[in-house]
Amino acid sequence: MVTLHAAKFLVLASVFGPITYGTAADKGLILGMWSPAAFATITEIPVKDADYFGNVSKTLTPSTVQTYSIASDPQNKVVFAAIRDSIYKFQNFTIWQNGTVSLSLAHKGKSSAFGQIAFDYSSGNIYWCDSLLKWIAVKPAYSNNDTIYTVVVHKDLYQPEGLALDPENGLMFFTDNEPHPRIEKASMDGENRTTIIHTGLIRVLALSVDTDRDLLFWADYGRHTIEVSDYDGLNRRVIRRNNNVPATGLHYYQNMLHVSSLKARLIFGVDTISGSQLYNLQLSGQPYAIHVYDGESARSYAGQCSSRGCQHICVNSPVGAKCLCAEGYLLSSDGKSCTDRSWFHERGFIVSNATHFAMVEVQFINGGKGWIPFLIPSAIIGSFAVDANLHIIYFLDTSSNALEELNIINRQIRTLATNVVATDLIFDWIANLLAWIEPAQSAIRAFSITSGTTTLIYSGLQQPSSLTVDAHNGDLYWISGTSRKTIMRGNWNRNSPTTIVSEENLSNPTSLRYDVTSHRIYWLDNSMIKSSFINGSDIKSHLITFGATEALPYKDFFGWINGNKTYFARRSAISAEYEVDVIQNIKHMTIFDALIQQDRRGSCQILNGGCEGICVPLQNGRKCECDFGLQAKDLTCESSFFLKNFIIVLDYSHGRILQADINTGNIVKLPINIQNSPGITFDKSAMELIYSEVQTKTIMSTTLHGTNTSLIYATGFAHADRLTIDYSTGNIYYTAVGSSQSQSYIGVIHRRSLLHKTLLTNLHSPREIAVYPSKGFLYWTAFGNIAEISRSYMDGTSKMYIATTNIGWPNGFSIDFATNKIFWADGLKNSIEYSDLNGENRNILTTDSDAHLMSIVVHGQYLYYTAWNRQRITKMDKATGAKLIFMPNYPELGRLDSLDIYADDTMDVNAICSKKNRNCSTFCFSTPTGRTCGCQDNVNLQADQKTCQGVFRCTSPLPNINLLDCLAFPGEICEFECKPGFRRDVNTSITCNQLSQWDPPTASLCSEIFCSPSLTNAVLSSNCSRSVNKSCTFECSEGYSRTTLQSLMCTMNGTWNLDTNSLCLRSSCSKTIQNGQFTNCSAKIGETCQYGCNSPFEINPKILNVTCHTSREWSHDTNNLCIQLCTPTIQNGNLGPGCPRTIGSTCSFSCDIGHKSSISSQSIICTSDGSWSETTAELCQRSSCSKSIQNGKFIDCQSNIGETCQYECNSPFEMNPSFTNVTCNSSSYWNHDPGDLCV
């Protein structure tokens, strides 16, 4: 018998609130209330704001129960409500709840989690989203049999929550909110799935349809939007954004959307065309679900299901009525009746003891009930594994040491292998392999189900236990060791095992499991269920099992064995939620679900399908898409961002930084991931983005490429809301908003040193900030209890109010430097106003109704602004307020906050502070009358009113360099020049860092200049320093004479003042010859000399002598006098007349009589090594006649020229009587044709 652990039952207690009786029409709103739990009705359908709505409320006990969704069947006066783990029926329902309401279960066993239900009025079915079991299921709404249900959508689902039906068209719409939210359309049988929306979603909890106009509506909890598209996802439009009002419930009724918000404790109505809010009702409780009940004009549709005759379930599809069978049943050939497929359930949990297998149906995990089937094989059951697709249990029979296969359908057992003494049997459904641990050998062995062969995978391991497998990657995991245990990873390929979780992170691990859904490994550690990534990182503790012996993860649940019971709990729970008595002495437990054992390779469920961006599931496979503003290229996403003429804007909802072309309005997304960032500015000097983050309370910087991201400053208890830059100094000003007025302030950050100073404190929720450095002004807005626009000097002094009246939420502010005007955007009044710099001459430029204006920026003739209720940047003429065509509404965009512009390099600067920080050691603040110096928080200025206490300048003066207009304060960047006699080695400036040290070190900046130590045909005197402006003497080399009496002087550019190539010239010609020597030669000018050469070199036949000219150069290059020549002779031949035999020359040759050339060419080449291109000994070979005779042979004949030879013939041929012998003539031919000799 099955019992439920800590079972709690719903009880209705009537609590009638104030009721106003108008027309007693049976129509109104039904609300599912939380905290405290109640089932409330508004006794009319509101169409506009009213002071009072009649209402009736019935409380639910316990008060902590949660109603997730409501649906109704007004024709039968039934309301369905998804409450916790069940769907309830409220029968005999009236909107007044003044009758006898019967409460009964429609279905028990769904997950206690967010997920809509929907009633199909054409077939009488109820559908529900189960976000923890990750499927969408359907059952006959009025069947009391909880086993008559079927899962219609499951593939590639992670978190289905929103659901709506169009029974007349046979269509179903649903959302999957993880990991990349999307909206899909399918037939009501779950077939023909199509993703219709996949970008610009965060978490869609509620869907509703207008079946007359084929429109789909949805409420995005994360975007705070109500949106619409047609059934194909086209013509998408944001109807309304209610900021900070995340919607949990939505219902379309007669051109109006009724919306509930749990967080805001609010219900309201929205016109579907205009987006106008028609009514707004604040509640004391928390309304999660909302539903319009109309008992007078209930919609009906006469589908074909009433006559189809389906045994279990009939659904209306686009092609007509279709019969479906409950889980575990097969549709018969008649297309109507259903047959039981297996003795066990379709999916659930199989447990075993020594003699029994038993199965708990999957709905037991949520408190469902039903029968528990058993199988009793004639064996002692050890470890087991399952193939849920083939309905097979593989198990180890410890009585016979055999590996057995149990077919669940026919209950037949087959032996697969014998002599298997093992534990921890696992099944890889992709490789079709079984594997187990052999404790005696500390080995892991595999068995191929396909081939029936056994293979050793690993041996000699350290006491392995608790084997598990990742079938998609072929990876094996096990626990290793005894007292000091680790978790190891190997694979089917037998790669060396590696440790992924070390003993330091483990105590006593057991029951290791790989989870397909989360791609993590789980284990028990002293009763605590823990997990990690498959590489061992990100170790988490989940819940305490209080003595479990085995545990396993299943989707968003845990199951475990403790004693004779199995327990289940959601992953979010801290302890068991349900317990089930199954069999005594339970040993093992595993999941039986064919949906889990699928080959998911190539799908979105494995590594995001290989997609860099959004993976969209298809019927077969997947498609890679990209977020808004990115371009898809194969598997990747590219950002073609702009380098100039762009607007930067933050999409707060989606964590995007976007660029818009200032001329075309085209949008691209930058490759930067941020979260909760309200403020951004673009540093035109550094070409960097500066942005704030609410959650981390930081100010960050990055490039347009998203590289070199770094922390600038952590803002403490408050978050930076808006930022601006003083281009005189590069300092960053920002507003900070804390949880109270005392924590809200305006601060400034020194851009180079990152030192911080608080300028103004105790502010009323400051928002936008701007500076006018050339005039020394700082402006900011505040939207708290006191809305105002204020101004001070840039050092925070001389505060004054610019505007305090007729102001609501001054969210945006911008200075027009060209006209000396200030502009601001009021989010409450939805107006843009302007005035002079003092707040005078104030005028309204334009209004934008219901826009919730946010940020503005002025550039040139135009003003650009964002608004929370506009999915665009709006451009207008700043003089007339006329809006210009610039950018359409992009429904994919979220809440657009701060923006900045970069269209040119024009920057307003203060002439004083922009010059070397005007002698201030830290902060230089522009004022209308000059400047003041300032220090970081908690540091005072010294008496000179320039230098902060504790500031030490960098060392100066410096050897080798002269600083240029530099005070050498920490953080200061200085230019320099090299001192005379030194040259610059580094093309950079130097910075005095916070340690008062120069960066880079100054010793490496300039090096001393020296003239060259080398002279042509001369040497410097030994005492020559070669320094700039120093003179040196020199001496000529032997054989050379001076051409000048001057000394050498080293000039400023490091060169000698005289031509060092002409200081000394030869007094005679050179007496040396390469590879030879002169004969009796003094080498005087005018002398003609002969020479000899060293072997193997020879006298150049073209140059027999040389003459010394007045230039002290020989008449011929002495390197060409002695040269290599090729040999003058060839064997059995002669070179042609006039052959020079020089390198590279080509010569003809002839062979002696009786010899002939062995090459076809009659010429040879003298090569670079002094040898001929052909071997001269083989060039001319002796001549001879042919030695063969047709049909015969010569007798003792050499066939030499002049030789006479006799011959004989082969039988039956005979000698030609005309030729008894033949003679070889000088042409190497016989005097008679050898072919005529034998006849």
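Residues numbered from 1 in each chain as written. Predicted model: local features only at pLDDT ≥ 70, side-chain atom pairs only at ≥ 80, totals over all residues. Heavy atoms only, no water.

Colleague: In this structure, what is going on with the overall build of the protein? I would like to understand it.
Modeller: The helix and strand inventory of the protein stands at one helix and 108 strands. What you see for the protein is a C-alpha radius of gyration of 48 Å, clearly larger than the 33 Å of a compact globule of 1239 residues, by over 25%. The principal-axis extent of the C-alpha atoms belonging to the protein is close to 145 × 115 × 65 Å. Taken over 1239 residues, the protein has a buried fraction of 56%. Considering only contacts in the protein between residues 6 or more positions apart, those separated by 24 or more positions represent 45%. Taking the average place of the 96 positive charges on the side chains of the protein and the average place of its 109 negative ones, the gap between the two points comes to 5 Å. (Helix = DSSP H or I, 4+ residues; strand = E, 2+ residues; numbered from the N terminus. Rg over C-alpha atoms; globule rule 2.2 N^0.38 Å. Buried < 20%, exposed > 50% of the residue type's maximum accessible area, 1.4 Å probe, protein only. Contact = heavy atoms within 4.5 Å. Lys, Arg positive; Asp, Glu negative; His and termini not counted. Charge placed at Lys NZ, Arg CZ, Asp CG, Glu CD.)

Colleague: Even after reading the chapter, I still don't get the packing of aromatic side chains, so can you show me in this structure?
Modeller: Given two aromatic rings, one states the distance between the centres and the angle between the planes to describe the pair. As enumerated under the stated definition, the model contains 37 aromatic pairs in all. With a centroid separation of 5.1 Å and an interplanar angle of 10°, the aromatic rings of phenylalanine 217 and tyrosine 252 are classed as stacked. Taken together, the residues phenylalanine 217 in strand β18 (residues 215-220) and tyrosine 252 in strand β21 (residues 249-253) connect sequence positions 35 residues apart. Classification of phenylalanine 217 as buried rests on a relative accessible area of 1%. Put simply, the rings of Trp34, Tyr68, Phe114 and Tyr288 touch in pairs and so form one group of aromatic residues. (Phe/Tyr/Trp six-rings, centres within 6.5 Å; stacked < 30°, edge-to-face > 60°.)

Colleague: Just to check I follow, could you spell out unusual backbone geometry for this structure?
Modeller: Most of the time, phi is negative for any residue but glycine, and the peptide bond is trans. The peptide bond linking serine 35 to proline 36 adopts the cis configuration, its omega dihedral lying at 0°. Along the chain, threonine 61 connects to proline 62 via a cis peptide bond; the corresponding omega equals 0°. With respect to the helices, strands and loops of the structure, proline 62 is situated in the loop between β4 (55-61) and β5 (67-73). One non-glycine residue, histidine 224, lies in the positive phi region at around 60°. Here histidine 224 lies in the loop between β18 and β19 (225-230). Assessed through its relative accessible area of 18%, histidine 224 is described here as buried.

Colleague: Would you mind going over the nonpolar core with me for this structure?
Modeller: The nonpolar side chains of a soluble globular protein tend to be buried with one another. The biggest cluster of nonpolar side chains holds 86 residues, and the ones touching the most others in it are Phe39, Phe80, Leu403, Ile487 and Tyr554. With six residues, strand β6 (residues 78-83) is the largest single contributor of residues to this core. Setting aside anything within four residues of it in sequence, one finds phenylalanine 39 in contact with Ile30, Leu31, Val56, Ser57, Lys58, Leu60, Ile70, Val79, Ala81, Phe90, Phe93 and Gln97. Counting residues in hydrophobic clusters, the runner-up holds 19 residues, among them Cys129, Ile136, Val153 and Ala326. (Core = buried A, V, L, I, M, F, W, Y, C linked by side-chain atoms within 4.5 Å.)

Colleague: It is not clear to me how the sheet that holds strand β71 (residues 787-793) should be interpreted in this structure. Could you clarify?
Modeller: The strands that make up a sheet pair up through hydrogen bonds in the backbone, lying either parallel or antiparallel. Reading across from one edge, β69-β70-β71-β72 is the order of the four strands in this open sheet, with antiparallel pairing throughout. Each edge of the open sheet carries a strand with a single partner, namely β69 (766-772) and β72 (800-803). Strand-to-strand twist across the sheet, computed as the mean angle between neighbouring axes with direction ignored, equals 25°. Bridging between β69 and strand β70 (residues 777-783) involves five bridges; their strand directions are antiparallel. Its bridge partner being in β70, valine 771 is matched across the sheet by leucine 778. (Pairing = 2+ DSSP bridges. Axes fitted to C-alpha atoms, helices over the stretch in contact; angles between N-to-C directions.)

Colleague: It is not clear to me how the state of the cysteines should be interpreted in this structure. Could you clarify?
Modeller: By definition, a disulfide links two cysteine residues through a covalent bond between their sulfur atoms. Inspection of the entire model under this criterion finds 24 disulfides. Here cysteine 325 pairs with cysteine 338 through a disulfide, and the sulfurs are 2.0 Å apart. Where cysteine 325 bonds to cysteine 338 through sulfur, the torsion about that S-S bond is close to -90°, and the disulfide is left-handed. Remark: cysteine 338 occurs in strand β29 (residues 338-340) and cysteine 325 occurs in the loop between β27 (320-324) and β28 (329-331); sequence separation between them is 13 residues. You can call cysteine 338 buried: its relative accessible area is 9%. (Disulfide = S-S within 2.5 Å.)

Colleague: Help me out: how do you make sense of the pattern of salt bridges in this one?
Modeller: A pair can form between side chains of opposite charge whenever their charged atoms are brought close. Inspection of the entire model under this criterion finds 44 salt bridges. Note that lysine 27 and glutamate 296 form a salt bridge whose closest N and O atoms lie 3.7 Å from each other. You can see lysine 27 sitting in strand β2 (residues 27-34) and its partner glutamate 296 sitting in the loop between β25 (286-294) and α1 (305-308), a full 269 residues away along the chain. The class of glutamate 296 is exposed, set by a relative accessible area of 52%. Note that lysine 633 is salt-bridged to glutamate 638, the shortest N-O span being 3.7 Å. Note on lysine 633: relative accessible area 46%, which makes it partly exposed. Given a relative accessible area of 34%, glutamate 638 falls into the partly exposed group. Among the charged side chains, a salt-bridge network with shared partners connects Asp176, Arg182, Glu184 and Arg193. (Salt bridge = Lys/Arg side-chain N within 4 Å of Asp/Glu carboxyl O.)

Colleague: I tried to follow the pairing of strand β76 (residues 843-847) on my own but got confused; where do I start?
Modeller: Each regular strand displays side chains that alternate between the two surfaces of the sheet. Bridge analysis of strand β75 (residues 831-836) against β76 gives four bridges, and the strand direction is antiparallel. Pairing of glutamate 833 across the sheet is with isoleucine 844, part of β76. Where β75 folds back onto β76 in an antiparallel hairpin, the turn is made up of six residues, including glycine 839, whose phi is positive at roughly 85°.

Colleague: Would you take a moment to explain the environment of leucine 964 for this structure?
Modeller: Counting through the fold element by element, leucine 964 comes out in strand β84 (residues 961-964). A relative accessible area of 35% places leucine 964 in the partly exposed class. C-alpha of leucine 964 to C-alpha of glutamate 977: the two residues are 13 residues apart in sequence and 7.2 Å apart in space. If we skip the residues at most four places from it in the chain, leucine 964 touches Lys916, Glu975, Phe976 and Glu977.

All quantities given are derived from atomic positions and should not be read as evidence of function.
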